[in-house]
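Below are the chains, spelled out letter by letter.
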Amino acid sequence: MAAKKVCHSFSKTLIDEVHRWGCMKQTGVSLRYMMEFGSRPTDRNLLISAHFLHKELPIRIARRAIELESLPHGLSEKPAVLKVRDWYLDSFRDLRSFPEIKDSNEEREFTQMIKAIKVRHNNVVPMMALGVQQLKKGMDQKIVYEDLDEIHQFLDRFYMSRIGIRMLIGQHVELHNPNPPPYCIGYIHTKMSPVEVARNASEDARAICLREYGSSPDINIYGDPNFTFPNSFVCKNRYVPAHLHHMVFELVKNSLRAVQERYMDSDKVAPPVRIIVAEGIEDVTIKVSDEGGGIPRSGLPKIFTYLYSTARNPLDEDANLGTADAVTMAGYGCGLPISRLYARYFGGDLQVISMEGYGTDAYLHLLRLGDSQEPLP
């Protein structure tokens with residue numbers, strides 16, 4: 001980590017410690033373990049969880065802080081990325097400054113501290129998107145997206161790590177909730193209805209479409225509303241949307257925009273977006289299907305990159321991320337790739353198949369069993 005890049009508020013001792021912790025081995029956990037351990041949130045178990053996080057979180061945060069200093073094409077020097085790096089260094093310092101946790105009172109203090117860290121990092125995704133936009137503005141237009149593969153790989157690792165960090169913090173914090181929602185063990189819902197989540201996410205996406213265009217295609221949902229399965233994709237707290245809600249919302253939002261813009265000036269009635277929920281032995285699959293004109297075959301490799309969006313960039317219009325909380329229909333260039341990371345975090349996946357001139361089908365696969373370990377970038 002070059003000294004000239006380091007903000008004056010961070011000492012050389014701290015930076016050296018970041019490098020030392022960044023070399024330590026990460027420890028992954030499975031959804032099933034989180035659920036079984038969290039089903040007994042005794043003082044002893046909460047203390048064990050806090051001890052684990054007190055060591056694990058600095059390792060994960062240090063790794064990302066180090067990577068943020070050495071990104072290609074000058075991305076590390078962009079003001080938005082420097083701000084994100086400072087958030088990670090602040091959080092590492094807070095964690096390392098917290099003394100050994102010896103009793104329940106100290107565990108509760110630690111819980112409040114990591115809760116504050118989670119809030120500090122709320123705007124990491126739009127801030128990194130702003131950094132990417134700052135990079136694109138000064139980039140030679142002849143550079144093709146394939147030449148920026150290092151940046152795509154870094155952002156995949158970075159966001160995957162962020163999902164894991166927020167999952168670990170959120171699960172621990174939520175275990176302190178004296179009045180948890182029915183069937184919830186921390187973040188994990190033991191009787192989740194994918195159809196119900198799809199319906200809620202669709203209503204939210206449709207509201208955004210109505211706000212931006214004044215009208216919206218209909219959405220038809222097919223599947224058994226009584227089918228449930230354990231997953232971490234439904235419980236929310238007041239800071240971040242649920243994983244499954246986020247993924248379905250993004251897919252439906254994309255489909256609504258495609259259909260709306262295709263039929264905006266047409267006398268024809270816009271066809272509905274269709275959502276099909278299918279339950280298999282290994283996976284639950286959610287298919288989002290539209291007739292929005294599809295994506296050219298040459299454009300398909302770009303849809304999971306972070307430098308690509310077919311919409312205008314909302315960050316150009318309002319880069320004040322302290323106040324820019326409104327959700328837009330599109331334009332950040334990270335909705336699909338991050339949605340795929342959410343799916344992969346616990347062993348699922350997201351696939352997109354398109355027919356240019358007709359429409360697009362997105363397949364969201366969710367692993368039912370929950371046995372897979374966290375992917376640790």
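About the thresholds
- Residue positions are counted from 1 within each chain, in the order its sequence is given.
- A pLDDT threshold of at least 70 governs which residues receive local features in this predicted model, and a stricter bar of 80 or more applies before side-chain atom pairs are shown or counted, although totals over entire chains, interfaces and linings include all residues.
- Think of the side-chain values as coming from all heavy atoms in the structure, minus any hydrogens and water.
- UniProt positions are given in the numbering used here, feature names are shortened, and annotations may be inferred rather than shown by experiment.
- Should DSSP find at least two bridges between two strands, the strands are regarded as paired.
- Only DSSP runs of H or I covering at least 4 residues are called helices, and only runs of E covering at least 2 are called strands; the numbering of each starts at the N terminus.
- Geometry is summarised by axes, namely lines fitted to C-alpha atoms with helices restricted to the contacting stretch, and by angles between N-to-C directions that run from 0 to 180 degrees.
- Residues are treated as being in contact if the distance between any of their heavy atoms lies within 4.5 Å.
- Per-residue accessibility, obtained with a 1.4 Å probe over protein chains only, is compared with the maximum for each type, and a residue is labelled buried under 20%, exposed over 50%, and partly exposed between these values.
- We define a nonpolar core as any set of buried Ala, Val, Leu, Ile, Met, Phe, Trp, Tyr and Cys residues linked to one another through side-chain atoms lying within 4.5 Å.
- By salt bridge we mean one thing: a side-chain nitrogen of Lys or Arg within 4 Å of a carboxyl oxygen of Asp or Glu.
- Ring pairs shown here join Phe, Tyr and Trp side chains whose ring centres sit within 6.5 Å, with only the six-membered ring taken for Trp; geometry is labelled stacked below 30 degrees between planes, edge-to-face above 60, and tilted in between.
- Any Lys NZ or Arg CZ found within 6 Å of a ring centre and within 35 degrees of that ring's normal is scored as a charge over the ring.

Going by an unreviewed UniProt entry, the chain carries the name Protein-serine/threonine kinase and comes from Hevea brasiliensis. Looking at the chain in UniProt, the text filed under Catalytic activity (unreviewed entry) is "L-seryl-[pyruvate dehydrogenase E1 alpha subunit] + ATP = O-phospho-L-seryl-[pyruvate dehydrogenase E1 alpha subunit] + ADP + H(+)". What UniProt states about the chain under its Sequence similarities (unreviewed entry) heading is, verbatim, "Belongs to the PDK/BCKDK protein kinase family."

**Topic: the sheet that holds strand β3 (residues 219-222)**
Spatially, β3-β5-β6-β8-β7 is the arrangement adopted by the five strands of the open sheet, whose pairing is mixed. Looking along the sheet, the strands with just one partner apiece sit at the ends: β3 and β7 (349-355). For this sheet, the mean angle separating the axes of adjacent strands, direction not counted, is 15°. Across seven bridges, β7 lies against strand β8 (residues 359-367) in antiparallel orientation. From the neighbouring strand, Ile353 faces β8, where its bridge partner is Asp361. Contacting β3, β5 (273-279) and β6 (283-290), helix α8 (residues 194-213) runs over the sheet at an angle of about 175° to β3.

**Brief notes about unusual backbone geometry**
In this structure, His73 takes a positive phi of about 60° despite not being glycine. Here His73 is to be found in the loop between α3 (43-68) and α4 (79-97). When its relative accessible area of 42% is taken as the criterion, His73 is described as partly exposed.

**Remarks on the pairing of β7**
Burial along β7 is one-sided: the residues Leu350, Val352 and Ser354 are buried and none of Asp349, Gln351, Ile353 and Met355 is. Taking the residues between adjacent antiparallel strands as the criterion, β7 and β8 are bridged by three residues, where Gly357 takes a positive phi near 95°.

**Quick look at the nonpolar core**
By size, the foremost hydrophobic cluster in this structure holds 105 residues, and its most contacted members are Met128 and Leu364. Per-element tally for this core: the top contributor is helix α7 (residues 149-174), with twelve residues.

**A closer look at the pattern of salt bridges**
In the structure shown here, the tally under the stated rule is 16 salt bridges. Across the pair Arg93 and Asp90 runs a salt bridge, and its minimum N-O distance is 2.8 Å. Within this pair, Arg93 and its partner Asp90 are both found in helix α4, separated by three residues, close to a single helical turn. Across the pair Arg211 and Glu212 runs a salt bridge, and its minimum N-O distance is 3.8 Å. Residue classification places Arg211 among the partly exposed positions, given a relative accessible area of 48%. Salt bridges sharing common partners tie together Arg64, Glu67 and Arg157.

**As for the packing of aromatic side chains**
In total, this model carries six aromatic pairs according to the counting rule given. Seen in terms of ring centroids, Phe158 and Tyr159 are 5.7 Å apart; in terms of plane orientation they differ by 70°. Their pairing is edge-to-face. Under the relative-accessibility criterion, Tyr159 is labelled buried at 3%. Here the aromatic cluster, defined as three or more aromatic residues joined through ring pairs, consists of Tyr88, Phe154, Phe158, Tyr159 and Tyr306. Here the basic side chain of Arg340 rests over the ring of Phe304, its NZ or CZ set 4.0 Å away from the ring centre.

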